[in-house]
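# Coordinates in review
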Amino acid sequence: QLELQRRNTGDFGFSLRRTTMLDRAPDGHVYRKVVHFAEPGAGTKDLALGLVPGDRLVEINGRNVENKSRDEIVEMIRQSGDTVKLKVQPILELSELSRCWLRNCRGLRKEACEAKTEEQILAEQSWYDAEKVWLVHKDGFSLASQLKADNSNSVPEGKVRICLDHDKTVLDVDEDDVEKANPVSYDRVEDLTSLVYLNESSVLHTLRQRYGGNLIHTYAGPSMVILNPLSSPSMYSEKVMHMFKGCRREDTSPHIYAVAQAAYRNMLMTRQDQSIVLLGSSGSGKTSSSQHLIQYLATIAGSTGKIFSVEKWQAVYTILEAFGNSMTGLNGSASRVSQIISLDFDQAGQVASASIQTMLLEKLRVAKRPEKEATFNVFYYLMAGVDNTLRTELHFNHFAENNVFGITPLHKAEEKQRAAQQFGRLQAAMKVMGISLDEQKVFWLVLGAIYHLGAAGATKAGRKQFARHEWAQKAAYLLGCTLEHLSSSIFKHQPKGTLQKSTSFRQGPEDGGLGDGSGSKMSALDCLEGLASGLYSELFTLLISLINRALKSSQNSLCSMMIVDTPGFQNPKLAKQDRGATFEELCHNYTQDRLQALFHEKTFVQELERYKEENIELALDDLEASTSGSVAAVDQASHQALVRTLTRTDEARGLL
């Protein structure tokens, strides 16, 4: 409950913010509702108000306003006298941040004292006396109490006796299947390293409890764990950003902005380059977190000469989402390219220039991909969103019945409308990045040509040529060459030997010609797929160079910050796909595994070595980095007979 005085300016010093949030009805149905926030003005930390970003407006002068429109709320505030009484409630996502921000504010809110009460101390002691543990089993873990063995009923060696909390079943289980459980007061602890018992079950329990309270960010020592939320737009705003500005890490609650602020502060203090690496499975929210990181830095650090602004960065991500993302079995819009974003800062701590480096683009996805997965988003945007003039020029007035690349227009009306809107946003974003209409047209022509190449297809037997020459003619027209030139470039100019050797490696030992490079030659379709994927790769390279053109500057920089965002772990079985991983998925998984190994090295190995150097004894189980299958396949020597026969020397290791 707050009572605010009207100011000389005629207002009460706070602003209204309207947004939509996902809520769950009693029957479990998820719906979207409109909420209003009463927050301090942008860029201010006016603690005198007692309001913080994320305070949901519940009542005005004793009247509930949760179901009223913005105009009705504004009118109620206007009709208030010299004072207005507000009742606000912090949303769950920002409750920790609100407490943290108001910790030193006296008397404005009755925040719970952080010191433990006698009841809490007694409850914890009772918990420890009960010897609460987690029983780990194939479906997860369950809470239990460890029983003390008596003389009349001994427990076999290597076993412990437990009583499950949920049904009071008494079991004798292996010692290794039991892990110590923390008291209830640790269920929503902000930092996992604060747990008394740090084990896998306790960590997962804490993360699950926090997620249930919409607390998706959790510190894990110097790192942070983020659980991808269903929807939480209220957590990310310019006003929330200003709550972290200038703060030390220990003064803030867990949030993606706290990571950006800590890296920025370290860079300014040490004048050394910083890196933020995002790890996780596909669809875990790495790219979204990357956007929040850079939007924070662009907003808080600012930019010299407007080289780098929030608007520009939003435009960059709109472009990358179109050209670098596609629908997969695990993610509706998954990144299919690794990105390293570099921000260069000047002496004053402002962004002087920026650049993007990309690698491991899944260029073959243009022509070939797993079943029920899509090509890059930009093709669907283009087919749905072009105007009549460009549609005619691209020969998109009618589409082919068959396309060997599987590039087909969307059929549902709502999907077409959404794709057309995305194409409009893409054009606007390219304009923001200084990509002219003539330069944009080059992209549409090449993308159109790739589509028509797929419609043209290739012969399956006999002479290598297009299957449908009328579609090939359209592709040649868009590429600005003759049909004969295009045909000879695809089907006749093959580098001999190299291709044969690379394909023969995939054949198997029973196929002839392993030694002399006389394996089967590429089919006409292979040649066509090669050109299409090569065209898209060149187009993507051009796109990145044009983006970097808009982000570069001639100003001197002092140090840099790099943000690494790579496609996440992907296992086809998790998407219920009965297939093996593609080569591209192997590359992405390998990259993630190597970055995970780097995390393990920095977090555990180097720290333990420092403990040893300083003769500090630490009771800790041996930590071994589990060598993943992808790293083992690529890095370590194989024992398979086929690979051994192909290796040139005894020192050769792995597939690559």
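Look above for the structure.
Residues numbered from 1 in each chain as written. Predicted model: local features only at pLDDT ≥ 70, side-chain atom pairs only at ≥ 80, totals over all residues. Heavy atoms only, no water.

### A look at the pairing of strand E12 (residues 217-220)
A regular strand carries its side chains on alternate faces of the sheet. Note that E12 and strand E13 (residues 223-226) share 4 bridges and pair antiparallel. Each residue of the ladder has a partner; that of Thr218, found in E13, is Val225. Counting the residues between successive antiparallel strands, the hairpin from E12 to E13 contains 2 residues, one of them, Gly221, with a positive phi of roughly 65°. (Pairing = 2+ DSSP bridges. Helix = DSSP H or I, 4+ residues; strand = E, 2+ residues; numbered from the N terminus.)

### Thoughts on helix H17 (residues 583-613)
For H17, built from 31 residues, the straight-helix expectation of 45 Å at 1.5 Å per residue is met to within 8% by its first-to-last C-alpha distance of 43 Å. Where H17 bends most, the angle comes to about 40°, and this point is Glu601. Those residues of H17 lying buried are Glu585, Cys587, His588, Asn589, Tyr590, Thr591, Gln592, Asp593, Leu595 and His600. On its buried face, H17 sits against strand E14 (274-278), helix H7 (286-301), strand E19 (559-565) and helix H18 (629-635). (Expected span 1.5 Å × (residues − 1). Bend = angle between axes of the 7 residues up to and from the residue. Buried < 20%, exposed > 50% of the residue type's maximum accessible area, 1.4 Å probe, protein only. Contact = heavy atoms within 4.5 Å.)

### Considerations on empty space enclosed by the protein
Rolled over the atoms, a probe sized like a water molecule indicates the empty space that remains. Applying the stated criterion across every chain yields a total of 3 cavities of 30 Å³ or more. Approximately 70 Å³ is the volume attributed to the largest cavity. Lining the largest cavity are Glu93, Leu94, Glu96, Leu97, Arg210, Leu215, Ile216, His217, Met235, Ser253, Pro254 and His255. In terms of residue class, the lining of the largest cavity is made up of 6 nonpolar, 3 polar and 3 charged. (1 Å grid on protein atoms, 1.4 Å probe; cavity = no way out; pocket = protein on both sides within 12 Å on 5 of 7 lines; lining within 4 Å. Points joined across faces, edges and corners; volume = space filled by probe spheres on them. Nonpolar A, V, L, I, M, F, W, Y, C, P; charged D, E, K, R; others polar.)

### Remarks on the sheet that holds strand E10 (residues 170-174)
Strand order across the open sheet formed by 5 strands is E10-E9-E8-E7-E11, with antiparallel pairing between neighbours. Of all strands in the sheet, those bounded by a partner on one side alone are E10 and strand E11 (178-180). Within the sheet, the average angular offset between the axes of one strand and its neighbour, ignoring direction, is 50°. Note: strand E8 (residues 140-147) against strand E9 (residues 159-164), 4 bridges, orientation antiparallel. Residue pairing across strands places Ala144 opposite Leu164, the latter belonging to E9. (Axes fitted to C-alpha atoms, helices over the stretch in contact; angles between N-to-C directions.)

### Quick look at the packing of H7 against helix H8 (residues 310-324)
Between two packed helices, the angle of one axis relative to the other and the distance separating the axes together describe the packing. H8 packs onto H7 with a crossing angle of 160° between their chain directions and a minimal axis gap of 9 Å. Judged by the inter-axis angle, H7 sits roughly antiparallel to H8. Handedness of the H7/H8 crossing: right-handed. Contacts between H7 and H8 pair Thr287, Ser290, Gln291, Ile294, Gln295, Ala298 and Thr299 from the former with Val310, Trp313, Gln314 and Tyr317 from the latter. Counted by class, the contact of H7 with H8 contains 5 nonpolar, 6 polar and no charged residues. (Parallel < 35°, antiparallel > 145°, perpendicular 65-115°, else oblique. Left-handed = near helix turned anticlockwise from the far one by under 90°.)

### Here's the deal with the sheet that holds E19
Within a sheet, neighbouring strands are paired by backbone hydrogen bonds and run either parallel or antiparallel to one another. A sheet is described by the order of its strands in space; here 4 strands give the open sequence E14-E19-E17-E18, paired in mixed fashion. Each end of this open sheet is capped by a strand with a single partner; those strands are E14 and strand E18 (351-359). Taken over all neighbouring pairs, the strand axes of this sheet differ in orientation by 15° on average, direction set aside. In this structure, strand E17 (residues 338-345) lies alongside E19, joined through 7 bridges in antiparallel fashion. Considered in E19, the bridge of Gln339 is made with Asp565. Packing against the sheet, helix H6 (residues 256-270) makes contact with E14, E17 and E19, and its axis sits at approximately 160° to E14. Strand contacts of H8: E17 and E18, with the helix running at about 165° to E17, the strand carrying the most contacts.

### A closer look at the packing of aromatic side chains
Tallying each qualifying case throughout the model produces 16 aromatic pairs. With a centroid separation of 4.7 Å and 10° between ring planes, the pair formed by Phe376 and Tyr536 is classed as stacked. Taken together, the residues Phe376 in the loop between E18 and helix H9 (377-385) and Tyr536 in helix H16 (residues 524-551) connect sequence positions 160 residues apart. By relative accessible area, Phe376 is classed as buried at 0%. Note on Tyr536: relative accessible area 1%, which makes it buried. (Phe/Tyr/Trp six-rings, centres within 6.5 Å; stacked < 30°, edge-to-face > 60°.)

### Comments concerning a nonpolar patch on the surface
Taken together, the side chains of Tyr611, Ile616, Leu618 and Leu620 make up a nonpolar region of the molecular surface, amounting to roughly 350 Å² of accessible area. For Leu618, a relative accessible area of 45% puts it in the partly exposed group. (Patch = residues over 30% accessible without salt bridge, like charges linked within 9 Å, V, L, I, M, F, W, Y side chains within 5 Å. Areas by Shrake-Rupley, 256 points an atom, 1.4 Å probe, with all protein chains shown as cover. Salt bridge = Lys/Arg side-chain N within 4 Å of Asp/Glu carboxyl O.)

### Overview of helix H14 (residues 483-491)
Taken residue by residue, H14 has Leu483, Leu486, Ser487, Ser488, Ile490 and Phe491 as its buried positions. Buried residues along H14 sit against helix H12 (437-456), helix H13 (469-479) and H16.

### Considering the nonpolar core
What tends to happen in soluble globular proteins is that the nonpolar side chains get buried as a cluster. Phe323, Val378, Trp444, Phe466, Tyr536 and Ile547 are the most contacted members of the largest nonpolar core, which has 112 residues in total. At 13 residues, H16 tops the list of elements feeding residues into this core. Within the second largest apolar cluster, 16 residues are counted, among which are Phe14, Leu51, Val65 and Leu86. (Core = buried A, V, L, I, M, F, W, Y, C linked by side-chain atoms within 4.5 Å.)

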